[in-house]
Protein chains: 2
Amino acid sequence: MAASALSPIRIDDPADPRIAGFVSIKERDLTGRQGRFIAEGTVVLRMLAAAHHAGRGLAAEAILLLESRVAGVEAIVREFPAEVPVYVAAAPVFDAIAGFNMHRGVLALGRRDGVSGRDALIASLPASSLVLAACGISNHDNMGSLFRNAAAFGVDAVLMDETSCDPMYRKAIRVSVGSVLTVPFAREGSAASLIERLQHEGFAIWGLSPAGETDIGGIPPAARTALLVGTEGEGLPPAILESVRTARIRQRPGLDSLNVSMAAGIALHQVALINDRI
Amino acid sequence: MAASALSPIRIDDPADPRIAGFVSIKERDLTGRQGRFIAEGTVVLRMLAAAHHAGRGLAAEAILLLESRVAGVEAIVREFPAEVPVYVAAAPVFDAIAGFNMHRGVLALGRRDGVSGRDALIASLPASSLVLAACGISNHDNMGSLFRNAAAFGVDAVLMDETSCDPMYRKAIRVSVGSVLTVPFAREGSAASLIERLQHEGFAIWGLSPAGETDIGGIPPAARTALLVGTEGEGLPPAILESVRTARIRQRPGLDSLNVSMAAGIALHQVALINDRI
């Protein structure tokens, strides 16, 4: 029997200490989890398995499946090392554990630690690199979408200032379709220090702004390019825009600027084409 | 005094029949509202005022403001005709009416009726036109985002098949930043009949698909172009893709395709550039 061949551990009590890491994940998302994160859904689970083996500081600690989903994800679950416990629960118990019903019956608890700091990550980038830099991103949907774009267009690293929200939040991981687990990133320091570091490492930095000087199609090819995007609503602050070159996405006048992740997607696509990265 | 100069009508009872249209708007969103819709927030309110005067079948029926927001939106509220009643409520009453707290204290009840059907809308398009066609869009965030892109890149009309969700839902309007109120649209009939109609009217139709034949940058300029996008997840069905030319967005291999609104935004930007529309 396919399901029993996995030998998952059956959980009948939502208070079972073995699945404590999955309890009330929606609320706990808001309070931080000491390097722990929740991966939801089949696609993200597959990417977590790959990330676990890639050994870049991401590891799975446990998997929790809805009974009816076991057979469907068995092949993916087998990609994890045998020491990662697999728990299974019937729907009422599963919902009582997770505390909400957006999990699609497939959850994993992961840990991210021992990853490179920002400057070490920048120093490790190849001679030909594309970086997405972001400051003040406060919305987890946008954060997830930025990572999905970064993965699609071959970004080598996403670098965020310390005021940006945490990409390891459950919803950001989900919206990124797991790209948060595959694209190297760092979130530390000020936007000014990040820009200084990138400039020092030879990056041409282009700040994206409706008031930018150059159309995104006119950004010249460069061995190292960093696209810089700012806060939802306000965009990049004037002091930042003065310290970098600026680019804009042409659009009809008189409208709100595009959403930050949409703008980043359009610009990354263009810069990736210009630099023959896709 | 600025606020009293508006002479809003004070509501102290959430059950007051005058504000019945605003009651429990979150739940009622799901059940249809007979041509009524809810506009939320300052920006959308401003666009509703403009739409009201443009006379394309959109009208405001009432405005409901949180007491503390009256002064801040007074100038916008004055753009509406005097016969549109303006109600004001203190926070507890306001929340009891709306039933949730995502409204930012600025709500308007609108009506959409007497608008052109699909074929009349197509027939009214200028000789040089850009259309966004969509089938099977089921998510209101994506729908709103499609309209925001359409507005940004100068789309003349958004045409959806009957299986797509209603752009007049509160959340779609909000995500579109009001563009649903300004970009003409129709949602009726099958995708096949929509394609047939557009072909008959001389549109070059480009179906967007990861398996598309032409890079979006290679779509030739044309007096009339329609970009066609499909369902989240599945994309455009094979039978549809066989009936149109197809275009793709280059991206790194081995990943999930881009979100439909992101893909549409990137492609519309490109097609708008190619056709000198932005």
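Note: the structure precedes this text.
Just so we're clear, the structure is a prediction, and the values are computed from it rather than from any experiment.

Engineer: Can you lay out the overall build of chain A for me, pointing to particular residues and giving the numbers?
Structural biologist: Each helix and strand in chain A was counted, giving 11 helices and 12 strands. Projecting the C-alpha coordinates of chain A onto the three principal axes gives extents of approximately 60 × 40 × 30 Å. A burial count over chain A gives 54% of its 278 residues as buried. Sequence-distant contacts, at least 24 apart, represent 77% of the contacts inside chain A between residues at least 6 apart. In the structure as shown, chain A presents an accessible area of about 11,200 Å², 52% of it carried by carbon and sulfur atoms. For chain A, the centre of its 26 positive side-chain charges and the centre of its 29 negative side-chain charges are spaced 4 Å apart.

Engineer: Can you break down the packing of aromatic side chains residue by residue, with the values?
Structural biologist: All names here are of chain A. This structure, assessed with the given rule, holds 2 aromatic pairs over all chains. Between Phe147 and Phe185, the aromatic rings sit 5.5 Å apart at their centres with planes inclined by 85 degrees, giving edge-to-face as the arrangement. With Phe147 in helix 7 (residues 140–152) and Phe185 in strand 8 (residues 185–187), the pair connects residues that are 38 residues apart, well separated along the chain. Take Phe147: its relative accessible area is 0%, and that puts it in the buried class. Residue classification places Phe185 among the buried positions, given a relative accessible area of 6%. Over the ring of Phe185 we find Arg112; its NZ or CZ atom is 3.7 Å from the centre of that ring.

Engineer: An account of the sheet that holds strand 7 (residues 157–160) of chain A is needed here, citing residue identities and associated values.
Structural biologist: Residues and elements named next belong to chain A. As summarised here, the arrangement of the 7 strands in space is 8-7-6-11-9-12-10, forming an open sheet in which the pairing is parallel. With one partner strand each, in any of the chains shown, strand 8 and strand 10 (214–215) form the two edges of the open sheet. Direction of pairing for strand 10 relative to strand 12 (residues 245–248): parallel, over a ladder of 2 bridges. In the sheet register, Thr214 faces strand 12, and the bridge partner there is Ala247. Of the strands in this sheet, strand 6 (129–134), strand 9 (204–208) and strand 11 (224–229) touch helix 11 (residues 260–274), which is tilted by about 165 degrees from strand 11.

Engineer: How would you explain the sheet that holds strand 12 (residues 245–248) of chain B if you had to name every residue and give the values?
Structural biologist: All names here are of chain B. Spatial ordering of the open sheet is given by 8-7-6-11-9-12-10, a layout of 7 strands whose pairing is parallel. Since the sheet does not close on itself, it has two edges, and those belong to strand 8 (185–187) and strand 10 (214–215), each with one partner. In this structure, strand 9 (residues 204–208) lies alongside strand 11 (residues 224–229), joined through 4 bridges in parallel fashion. Each bridged residue has a counterpart across the sheet, and for Gly207 the counterpart in strand 11 is Leu228. Sitting on the sheet, helix 11 (residues 260–274) is in contact with strand 6 (129–134), strand 9 and strand 11, with an inclination near 165 degrees to strand 11.

Engineer: Break down the interface of chain B and chain A for me, citing the residues and quoting the values.
Structural biologist: Facing the 27 residues of chain B at the interface are 27 residues of chain A. When chain B packs against chain A, close to 2,400 Å² is buried across both sides, 61% of that on carbon and sulfur atoms. On inspection of chain B and its partner chain A, the count reaches 0 salt bridges. Of all the secondary-structure elements, those providing two or more residues to the side of chain B that touches chain A are helix 7 (140–152) and helix 11 of chain B. Looking at which element gives the most residues to the side of chain B that touches chain A, the answer is helix 11 of chain B, with 7 residues. When the residues that make up the side of chain B that touches chain A are grouped by side-chain class, the tally is 12 nonpolar, 10 polar and 5 charged.

Reading the values: rules and limits
- Residues numbered from 1 in each chain as written.
- Chains lettered and ligands numbered in written order.
- Predicted model: local features only at pLDDT ≥ 70, side-chain atom pairs only at ≥ 80, totals over all residues.
- Heavy atoms only, no water.
- Helix = DSSP H or I, 4+ residues; strand = E, 2+ residues; numbered from the N terminus.
- Buried < 20%, exposed > 50% of the residue type's maximum accessible area, 1.4 Å probe, protein only.
- Contact = heavy atoms within 4.5 Å.
- Areas by Shrake-Rupley, 256 points an atom, 1.4 Å probe, with all protein chains shown as cover.
- Lys, Arg positive; Asp, Glu negative; His and termini not counted.
- Charge placed at Lys NZ, Arg CZ, Asp CG, Glu CD.
- Phe/Tyr/Trp six-rings, centres within 6.5 Å; stacked < 30°, edge-to-face > 60°.
- Lys NZ or Arg CZ within 6 Å of the ring centre and 35° of its normal.
- Pairing = 2+ DSSP bridges.
- Axes fitted to C-alpha atoms, helices over the stretch in contact; angles between N-to-C directions.
- Buried area = accessible area lost by both parts, 1.4 Å probe.
- Salt bridge = Lys/Arg side-chain N within 4 Å of Asp/Glu carboxyl O.
- Nonpolar A, V, L, I, M, F, W, Y, C, P; charged D, E, K, R; others polar.

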